[in-house]
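# Observations on the model geometry
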Amino acid sequence: MSKSLQAIRGMNDILPEQTPLWRYFEATVARLLDNYGYKQIRTPIVEFTELFKRSIGEVTDIVEKEMYTFEDRNGDSLTLRPEGTAACVRAVLEHGITGGGQTQKMWYIGPMYRHERPQKGRYRQFHQIGCEVFNLDGPDIDAELIVLTWRLWGQLGIRDAVKLELNSLGTSESRGRYREALVEFLSAHLDKLDEDSQRRLKTNPLRVLDTKNADTQAVLVDAPKMADYLDDESRTHFEGLKARLDAAGIPYVINPKLVRGLDYYSKTVFEWVTDKLGAQGTVCAGGRYDGLVEQMGGKPTTGVGFAMGIERLILLLETLEQIPEEISRQVDVYLCAFGEAAELAALTLSEKVRDQVPDLRLQINAGAGSFKSQFKKADKSGALYALILGDDELAQQVVGFKPLRGQGEQQSIAFDALAAHLATCIVQG
Ligand code: ATP
Ligand code: MG
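Here's what I pulled together on the structure shown here. Please read all numbers here as calculations on a predicted model, not as lab measurements. Throughout this document, residue positions are counted from 1 along each chain, in the order its sequence is written. Working convention: letters from A go to chains and numbers from 1 go to ligands, in the order in which they are written. Selection of residues for local features in this predicted model requires a pLDDT of at least 70, selection of side-chain atom pairs for listing and counting requires 80 or more, and totals for whole chains, interfaces and linings are taken over all residues. The basis for the side-chain values is all heavy atoms of the structure; hydrogens and waters are excluded.

### Topic: the sheet that holds strand β9 (residues 266-274)
Selection criterion: In short, DSSP must find at least two bridges between two strands for them to pair. Numbering of helices and strands runs from the N terminus; a helix is a DSSP stretch of H or I covering at least four residues, while a strand is a stretch of E covering at least two. Contacts are residue-level and defined by heavy atoms, with any inter-residue pair within 4.5 Å sufficient. Geometry is summarised by axes, namely lines fitted to C-alpha atoms with helices restricted to the contacting stretch, and by angles between N-to-C directions that run from 0 to 180 degrees.
Read from one edge of the open sheet, eight strands run β1-β5-β6-β11-β10-β9-β7-β8, paired in mixed fashion. Edge positions in the sheet fall to β1 (39-40) and β8 (253-254), since each has one partner strand and no second. Helix α4 (residues 85-94) contacts β5 (104-113) and β6 (125-134) of the sheet and is inclined by roughly 45 degrees relative to β6.

Shown next as structure tokens:
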């Protein structure tokens, strides 16, 4: 028996019924980012594996166990991108567009790939929209990134459902000193740590802080605090950020255990979290990565950015029923035609109307059918109006114009007057 064809586990089709919500979301974010002066960058979905090893870090979850890595026909090791920052850094270096200290404010959108256990809000192909800013090192730009996401939550109607968590990881020097203190402390309690944390203690000790294990969490209560190890520069930066968020009226909580999964962060880290989606509650996450560009072989170039998970935000819109009514209506006018001559006239008439009203969403009936069946399709399409064209109308060079959602009586409109009539109906619609 042949196995039926299926998509890969954790990789989803987004069906025609779902795409209007996706497109609304994407258009809302794109417009907002344009308005804040960010420009889109588009990079390949596949990169050399080395890029992710060097940027994300060898001992992170992503590089250790989540990447889709394969050899191409040349024997090169390639990887489907698990995130967007690495490629942005590679691109700015490759094209030299930050090397002279130029500021770059950019954004990207697209699919990302991680071999994780699929569950609600966690997939193997998922989509992110992210921003990266290069060569601006002050807290003002960290604040701008947070302020613009806050505005986005407002536009999407989900502000009340998300909470901002903030932390500062300091510079790599102060984080190094903190790491030493943490390792010393945790090593003295090694037997009380869960297995994963024991392993992380050797490879990536800061990640022990975001363990879900209750016993390890109990040990952490008395662990040294990152805030006590912050250098003056990072402290001033963090205060500057908080002052701006206060001025903008954006509520936040300081989460000293927020470390983020990637190696490259420094100073500011933040996450927007919701309690409406179960375990997969982080909808947007980011931070500053001042050392990354240099680590990748560039001149010292500061960076800060975030990425939001589109699937989780779509789920949140659905959960909170924040789906604008107009996006579910894809058709303004449905044209029914009866008989060969009327069908031909319908085609030329509708093309003329489209010339004159380019934004009109006009669906023309296909596949003929009785009056009753065409009307049923017109109604199901969600259109506001049906146009009716049969032999009688054709003889008089008019169309029947029938409101489908209870606004007024059916009337006859001359072919010549149709475009203007529809233009007013739809604009006022
Ligand atoms: P998590 O802790 O949930 O695994 P992460 O720290 O690995 O998240 P990032 O690499 O910071 O996530 O990615 C930014 C955002 O992308 C996340 O906050 C989330 O909204 C989304 N995201 C990450 N991994 C997935 C996934 N496998 N499926 C769906 N969305 C994801
Ligand atoms: Mg993850």
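### Structural notes on the layout of surface pockets
Basically, it comes down to this: Here a cavity means grid points, on a 1 Å grid over the protein atoms only, where a 1.4 Å probe fits yet cannot get out; a pocket means an open set of points with protein on both sides within 12 Å along at least five of seven lines; lining residues are those with an atom within 4 Å of a point. Grid points are joined across faces, edges and corners, and a volume is the space filled by probe spheres set on the points. For this scheme, ten residues count as nonpolar: Ala, Val, Leu, Ile, Met, Phe, Trp, Tyr, Cys and Pro. Four count as charged, namely Asp, Glu, Lys and Arg, and the remainder, Gly too, count as polar.
In this structure, the second largest pocket spans a volume of roughly 330 Å³. If you go around the second largest pocket, you meet 20 residues; those closest to its centre are Ser172, Arg175, Ser266, Asp290 and Gly291. Secondary structure elements with two or more residues in the lining of the second largest pocket: α6 (172-187), β9 and α10 (292-295). Broken down by element, the lining of the second largest pocket gets its largest block of residues, four residues, from α6. Split into classes, the residues belonging to the lining of the second largest pocket amount to four nonpolar, eight polar and eight charged.

### Quick word on the pattern of salt bridges
This is how the line gets drawn: Whenever a carboxyl oxygen of Asp or Glu lies within 4 Å of a side-chain nitrogen of Lys or Arg, that contact is scored as a salt bridge.
One pass over the structure, following the stated rule, counts 21 salt bridges. Here arginine 90 ties to glutamate 94 by a salt bridge, and the two come within 2.7 Å at their closest N and O atoms. Of the two residues, arginine 90 and glutamate 94 are both situated in helix α4; the distance of four residues between them amounts to about one turn of the helix. Counted as one network, the salt bridges with shared partners bring together Asp61, Lys65, Arg200, Arg207 and Asp210.

### Let's talk about α6
For clarity, the threshold we go by: Residue count minus one, scaled by 1.5 Å, sets the expected span of a helix. When accessible area is computed with a 1.4 Å probe and restricted to protein chains, residues below 20% of their type maximum are described as buried, those above 50% as exposed, and intermediate ones as partly exposed. Each direction from the helix axis to a C-beta atom contributes to the arc, which is the arc of those directions.
A rise of 1.5 Å per residue sets the reference length of α6, with its 16 residues, at 22 Å; its end C-alpha atoms lie 22 Å apart and thus fit the reference within 8%. Along α6, the residues classified as buried are Ser174, Arg175, Tyr178, Ala181, Leu182, Phe185 and Leu186. One face of α6 carries all of its buried residues, which in axial projection span an arc of 130 degrees. In α6, the exposed positions angled more than 90 degrees off the buried face are occupied by Glu173, Glu180 and Glu184. If you follow the buried residues of α6, they end up packed against α7 (195-203), α8 (214-220) and β9.

Coordinates in, geometry out; function isn't part of it.
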